[in-house]
Amino acid sequence: MAFRWKAQGLGELKRLFVRPEYRGQSVAQALMAQLLSFAQSQGCSRLYLDTRISLEPAVALYRRFGFQITYQEGLYIQMERNAFNAGPV
């Protein structure tokens, strides 16, 4: 997983992937919590990410962390978290 700045206060979450043998062990949740904590400590006020709507476990994870779908074209979606009070950190 990676974080990168896109603009002042706006960050992008990139490439969250957990190998199949480690899934179901809360690895993704720990990575998300760490990334959100880091982004917040760096002054990021909004985060977004791109994924596919068909990746249901990933979309559910992002929703649990306060991300909402802001754009969809076919299977492609963009999700955004507007503030750091929008879910667990």
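Scroll up a little and you will see the structure.
Going along each chain's sequence as written, the residues are numbered from 1 onward. At least 70 in pLDDT is required for a residue's local features to be given in this predicted model, at least 80 for side-chain atom pairs to be given and counted, and no such filter applies to totals for whole chains, interfaces and linings, which use all residues. Excluding hydrogens and water, the side-chain figures rest on all heavy atoms present in the structure.

**Points about the environment of tryptophan 5**
Line of reasoning, step 1. Runs of E in the DSSP output that reach at least two residues are strands. Runs of H or I that reach at least four are helices, and both are numbered from the N terminus. Note on placement: tryptophan 5 falls in strand E1 (residues 2-7).
Line of reasoning, step 2. For the pair tryptophan 5 and glutamine 42, spaced 37 residues apart in the sequence, the C-alpha separation amounts to 10 Å.
Line of reasoning, step 3. Residues are treated as being in contact if the distance between any of their heavy atoms lies within 4.5 Å. Residues in contact with tryptophan 5, not counting those within four places in the same chain, are Leu10, Gly11, Gln42, Gly43 and Cys44.

**Notes on the sheet that holds E1**
Line of reasoning, step 1. Following DSSP output, two strands are said to pair if at least two bridges run between them. Read across the open sheet, the five strands follow the order E1-E2-E3-E5-E4; overall the sheet is mixed. The sheet terminates laterally at E1 and strand E4 (68-73), the two strands that pair on one side only. In this sheet, neighbouring strand axes are inclined to one another by 25 degrees on average, regardless of whether the strands run parallel or antiparallel.
Line of reasoning, step 2. Relative to strand E3 (residues 46-52), strand E2 (residues 10-14) is paired through three bridges, and the arrangement is parallel. When the sheet's bridge partners are listed, glutamate 12 is paired in E3 with tyrosine 48. Only C-alpha atoms enter the line fits that serve as axes; for helices the fit covers just the stretch in contact. Angles between N-to-C directions range over 0 to 180 degrees.

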